[in-house]
Amino acid sequence: MTKTSILVVGAGGREHALAKQYAKSSHVNQVFVAPGNPGMVQSANEYEAAISCVAITVEDIEALLHFAKEEAVSLTFVGPEVPLNLGIVDRFSEEGLAVVGPTKEAAQLESSKAFAKAVMEKADVKTAAYRYFKSDDFDNALEYLAEQSFPIVLKEDGLAQGKGVTISPDFEDAKLTLKAMMIDHQSDVIIEECLVGEEFSYFVLVNGKHTIPVGTARDYKRVGDGDKGLNTGGMGAYAPVDWADELLDEVNQSVIQPVIDQMVSQGCPFTGVLYAGLMKTEKGIYVIEFNTRFGDPETQILLPLIEDDFYDVTLAHINQQPFKISLSDQKSLGVVLAAKGYPKVYKRGMPIQLTEETVADAIRYAGVSKDADQLVANGGRILMVTAQANEFSKCRDQVYKQLTQLTVPDSFYRNDIGLHQ
Ligand code: AMP
Ligand code: GLY
């Protein structure tokens, strides 16, 4: 059998996880990651295809296209949202290249709250009531706010990864936050009904009306133990969310199918990973938001549960063939090691030291670079330590033990990931 090469676009832990998943495929002998990070390269193991980094940024669509053609990669998987919004999928598709991700237009399900809310309204999918206000419309926003019940959610538009989301307990607090967002930061805002319930994420590969469900996960967005402190990109995650797995037929029927049908009927079929941020409330399942890509860090713990060859999975997705993913019945959990100060200002350049006891295969690297031969921290989320076992408590034991086998000055992690399911 001739083996093939794959291009993964992105640089973080999610892309490291994707690269590893492809490197394990029996069809693949080379995984390129653009731009990748040096941690990915040093951790490929002897049973896996080579992982190489390519010095092209995720914004340089034409250079990525040129590279994919030159190397005749058989498919490209786009990790982050930035290249999606720049139209990478449109360009690759125009040139006849296989690519996993949505078109620029369909990616608005994540990039534009107004677009996503309109699709949900037309598809009759439950989501929080909201109003959008331009930054110069403070007086009207304040008037609207005064009529609402509390707590209330305020979202500063344009800030990625939930970093601009505040839940205000009362009018006075909300007024101050609104002022900071609209007047001090000059941001547009969304004022949104606060949903109360249990949150979970659900990932589905979608190609028009054709779906391949991947699975559920839970992410920990707050920086501190006990869900205290600022929102981050995610400080840890586990999969699956057992109680949510029982709701998936309902989620498919009441959320996923109506939304993707609506996208097809408005001439903008969705392709790629649909990531539904969901809340189980007393009034049913509500959509908090859609993302149009895999979650980071959720992907790092979800992908290792997939027992099928990931190349076969994505090929079936691209060709709209039926495929039922077999997930292992193990549990999977990961904890992010972040630079002290994250998600605000943090240091870079701290050396990452492993010991003889470190299980290199358990690490997914994110914000790292090389200083001479030394791997050093170069981002807020530096790496994630992951484990799979038959119980979450065993995963936790393994991950937290491994974290003691890593020395990174000026770093921290949450201690309560997966403590309560
Ligand atoms: P987002 O930027 O929309 O992903 O929001 C980040 C986080 O804020 C979510 O994961 C929720 O925990 C919380 N959140 C966002 N919107 C709401 C809402 N309407 N009600 C309750 N919590 C929310
Ligand atoms: N972990 C949240 C995200 O990927 O948006």
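Numbering of residues starts from 1 in every chain and runs along the sequence as written. Here every chain gets a letter starting at A, and every ligand a number starting at 1, in the order they are written. Since the coordinates come from a predicted model, pLDDT governs what is reported: local features require at least 70, and pairs of side-chain atoms require 80 or more to be given and counted, while whole-chain, interface and lining totals use all residues. Only hydrogens and water are removed before side-chain values are computed, so all heavy atoms of the structure are retained for them.

Applied cut-off: UniProt positions are given in the numbering used here, feature names are shortened, and annotations may be inferred rather than shown by experiment.
The name recorded for the chain in an unreviewed UniProt entry is Phosphoribosylamine--glycine ligase, from Jeotgalibaca arthritidis. One UniProt comment on the chain, placed under Catalytic activity (unreviewed entry), says "5-phospho-beta-D-ribosylamine + glycine + ATP = N(1)-(5-phospho-beta-D-ribosyl)glycinamide + ADP + phosphate + H(+)". Quoted verbatim from the Sequence similarities (unreviewed entry) field of UniProt, the annotation for the chain is "Belongs to the GARS family."

### Thoughts on the site of ligand 1
Put simply, the test is: In these notes, residues near a molecule or strand are those with any non-hydrogen atom within 4 Å of it. Here a polar contact is taken to be a pair of N or O atoms separated by no more than 3.5 Å, where protein atoms must pair a possible hydrogen donor with a possible acceptor and residues adjacent in sequence count only if both atoms sit in side chains. Only the protein chains shown count as cover for residues, with accessible areas throughout obtained via the Shrake-Rupley method and a probe of 1.4 Å. A run of DSSP states H or I qualifies as a helix once it reaches four residues; a run of E qualifies as a strand once it reaches two. Both are numbered from the N-terminal end. Only Asp, Glu, Lys and Arg are considered charged, only Ala, Val, Leu, Ile, Met, Phe, Trp, Tyr, Cys and Pro nonpolar, and every remaining residue, Gly among them, polar.
Near ligand 1 lie 16 residues; those nearest to it are E192, E193, L195, E199 and E289. One of the side-chain nitrogen or oxygen atoms of E192 is found 2.7 Å away from a nitrogen atom of ligand 1. Contact between ligand 1 and K221: an oxygen atom at 3.0 Å from a side-chain N or O atom of the residue. Taken by itself ligand 1 offers 470 Å² of open surface, and the protein chains cover 90% of this. Sorting the residues of the shell around ligand 1 by element identifies β7 (152-156), β8 (165-168), β9 (189-193) and β16 (284-291) as the ones contributing at least two each. Across the shell around ligand 1, the residue classes break down as 8 nonpolar, 1 polar and 7 charged.

### A closer look at the sheet that holds strand β5 (residues 99-100)
Rules: Here a strand pair is declared whenever DSSP counts at least two bridges between the two strands.
An order of β3-β2-β1-β4-β5 is seen for the 5 strands of this open sheet, with the pairing classed as parallel. The open sheet has two edge strands, β3 (50-53) and β5, and neither has a second partner. Of the strand pairs in this sheet, strand β2 (residues 28-35) and β3 are connected by 4 bridges, and their pairing is parallel. Bridge pairing in β3 links V33 to C53.

### Description of the side chain of E156
Note the threshold: The buried label goes to any residue with under 20% of its type's maximum accessible area, the exposed label to any with over 50%, and the partly exposed label to all in between, with areas taken from a 1.4 Å probe on protein chains only. We score Asp and Glu as negative and Lys and Arg as positive, and we do not count His or the chain ends. By salt bridge we mean one thing: a side-chain nitrogen of Lys or Arg within 4 Å of a carboxyl oxygen of Asp or Glu.
Note on placement: E156 falls in strand β7. Here E156 occupies a buried position and makes no salt bridge, while the nearest side chain of opposite charge, K344, is found at 11 Å. Side-chain polar atoms of E156 contact the side chain of H185, separated by 2.7 Å. Within the local environment of E156, its side chain forms a polar contact with the side chain of S187, the two groups lying 2.8 Å apart.

### Considering the pairing of strand β20 (residues 368-371)
Bridge analysis of β20 against strand β21 (residues 374-377) gives 4 bridges, and the strand direction is antiparallel. Looking at the pairing, K370 lines up with L375 of β21.

### Observations regarding the packing of helix α1 (residues 13-23) against helix α13 (residues 310-318)
Rules: With axes taken as lines fitted to C-alpha atoms, and helix axes fitted only over the stretch in contact, angles between N-to-C directions fall between 0 and 180 degrees. Angles below 35 degrees are treated as roughly parallel, those above 145 as roughly antiparallel, those between 65 and 115 as roughly perpendicular, and all remaining angles as oblique. The contact definition used throughout considers only heavy atoms, calling two residues in contact when any of these lie within 4.5 Å.
At their nearest, the axes of α1 and α13 sit 7 Å apart, and the two run at 100 degrees to each other. By the criterion of interaxial angle, the relationship of α1 to α13 is roughly perpendicular. For the pair α1 and α13, contact is made by L18, Q21 and Y22 and by F310, Y311 and T314, respectively. Per-class residue counts for the contact of α1 with α13 are 4 nonpolar, 2 polar and no charged.

### Description of the sheet that holds β8
Strand order in the open sheet formed by 4 strands is β6-β9-β7-β8, with antiparallel pairing between adjacent strands. Since the sheet does not close on itself, it has two edges, and those belong to β6 (130-133) and β8, each with one partner. On average, each strand axis in the sheet is tilted by 20 degrees relative to the strand beside it, whichever way the strands run. Here β7 runs beside β9; their pairing, made up of 5 bridges, is antiparallel. Paired with K155 across the strands is I190, a residue of β9. Along the sheet face, helix α8 (residues 138-146) touches β6, β7 and β9 and points at about 160 degrees away from the line of β6. In this fold helix α9 (residues 171-184) packs onto β6, β7, β8 and β9, with an angle of close to 10 degrees to the strand it touches most, β7.

### Brief notes about the site of ligand 2
Near ligand 2, the surroundings consist of D219, G233, Y275, N291, R293, G295, D296, P297 and E298. A distance of 2.8 Å is found between a nitrogen atom of ligand 2 and a side-chain nitrogen or oxygen belonging to D219. At 2.9 Å, a side-chain N or O of E298 approaches a nitrogen atom of ligand 2. Here ligand 2, which alone exposes 200 Å², has 98% of that area covered by the protein. Looking at side-chain class alone, the shell around ligand 2 contains 2 nonpolar, 3 polar and 4 charged residues.

### Considering the nonpolar core
Applied cut-off: For our purposes a nonpolar core is just a set of buried Ala, Val, Leu, Ile, Met, Phe, Trp, Tyr and Cys residues, chained together by side-chain atoms within 4.5 Å.
By size, the foremost hydrophobic cluster in this structure holds 56 residues, and its most contacted members are L109 and V251. Among the elements that take part in this core, helix α11 (residues 248-265) stands out by supplying 7 residues, more than any other. Dropping the residues within four chain positions of it, V251 is found in contact with F200, Y202, I256, L278 and I285. Membership of the second largest hydrophobic core comes to 41 residues, among which are V28, V214, I301 and I325.

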